[in-house]
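Chain by chain, the residues:
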Amino acid sequence: LEVADRTDLFLYDLKILDPARHLSYTGVPVEPILGNLRALDGRGARIWLRVPFVPGFNDDPASMEAIGAFAAGLKYTRRVHILPYHGMGSAKLAQMGLQSPQKEICPPTAGRLEDAVGRLRSHGLDVHLGG
């Protein structure tokens, strides 16, 4: 919170809100992440939420509804960016001689992205596709 007063803009990623799935996929609990976000928002910090949109991980309607409802409950934060998954990280890992820990994931379809944008906008959020 000490940094909040000296920061113009926070880019804050939300991946998934379900505690068990978040822990399973990321290896860390979601509660401290949400607590920090609430604290920053409560201070009136300028925050853009970013949602990495990954097929098979958080591209389902329930995940988008949960993120939309959570974000709508914040006092000041209204801007959300959906960041469509891309496979550029796989090439980086290959260059380093490493294998991706995930199976091959295809980028999301235009229809899935449109659905996600609509679901988030239905919560009164200012939604942007891309970063």
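Notes on the structure in this doc start here. (Residues numbered from 1 in each chain as written. Predicted model: local features only at pLDDT ≥ 70, side-chain atom pairs only at ≥ 80, totals over all residues. Heavy atoms only, no water.)

**Some remarks on the packing of aromatic side chains**
Turning to step 1, where the next piece is worked out: A full pass over the atoms with the stated rule returns one aromatic pair.
Turning to step 2, where the next piece is worked out: An angle of 90 degrees between the planes, with centres 4.6 Å apart, marks the rings of Y25 and F57 as edge-to-face. Here Y25, found in helix α1 (residues 19-26), pairs with F57, found in the loop between β2 (47-53) and α3 (61-72); they are 32 residues apart in sequence, far enough to count as distant.
Turning to step 3, where the next piece is worked out: Here the basic side chain of R79 rests over the ring of W48, its NZ or CZ set 3.9 Å away from the ring centre. (Phe/Tyr/Trp six-rings, centres within 6.5 Å; stacked < 30°, edge-to-face > 60°. Helix = DSSP H or I, 4+ residues; strand = E, 2+ residues; numbered from the N terminus. Lys NZ or Arg CZ within 6 Å of the ring centre and 35° of its normal.)

**Side note on the pattern of salt bridges**
Turning to step 1, where the next piece is worked out: All chains considered together, the criterion is met by six salt bridges.
Turning to step 2, where the next piece is worked out: A salt bridge links R43 to D5; its shortest N-O distance comes to 2.7 Å. Taken together, the residues R43 in the loop between α2 (31-42) and β2 and D5 in the segment before β1 (10-13) connect sequence positions 38 residues apart.
Turning to step 3, where the next piece is worked out: With relative accessibility at 60%, the residue D5 sits in the exposed group.
Turning to step 4, where the next piece is worked out: The salt bridge involving R21 is made with D60; its shortest N-O contact spans 3.9 Å. (Salt bridge = Lys/Arg side-chain N within 4 Å of Asp/Glu carboxyl O. Buried < 20%, exposed > 50% of the residue type's maximum accessible area, 1.4 Å probe, protein only.)

**Here's the deal with the pairing of β1**
Turning to step 1, where the next piece is worked out: Side chains of β1 alternate between two faces, with F10 and Y12 buried and L11 and D13 left unburied.
Turning to step 2, where the next piece is worked out: Pairing of β1 with β2 involves four bridges; the strand directions are parallel. In the strand pairing of β2, Y12 is matched with L49. (Pairing = 2+ DSSP bridges.)

**Remarks on the sheet that holds β1**
Turning to step 1, where the next piece is worked out: Spatially, β1-β2-β3-β4 is the arrangement adopted by the four strands of the open sheet, whose pairing is parallel. Only two strands of the sheet have a single neighbouring strand rather than two, namely β1 and β4 (126-129). For this sheet, the mean angle separating the axes of adjacent strands, direction not counted, is 25 degrees.
Turning to step 2, where the next piece is worked out: In this fold α2 packs onto β1 and β2, with an angle of close to 150 degrees to the strand it touches most, β1. (Axes fitted to C-alpha atoms, helices over the stretch in contact; angles between N-to-C directions. Contact = heavy atoms within 4.5 Å.)

**Details of the nonpolar core**
Turning to step 1, where the next piece is worked out: Counting 27 residues, the largest nonpolar core has L14, L37, I47, L49, I82 and L120 as the members making the most contacts within it.
Turning to step 2, where the next piece is worked out: Listed by contribution, the elements that provide at least two residues to this core are β1, α2, β2, α3, β3 (79-84) and α5 (110-121).
Turning to step 3, where the next piece is worked out: Not counting residues up to four positions away in its chain, the partners in contact with L14 are I33, L34, L37, L49, R50, V51, P52, I67 and F70.
Turning to step 4, where the next piece is worked out: I16, V54, F57 and Y85 belong to the second-largest nonpolar core, a separate cluster that totals five residues. (Core = buried A, V, L, I, M, F, W, Y, C linked by side-chain atoms within 4.5 Å.)

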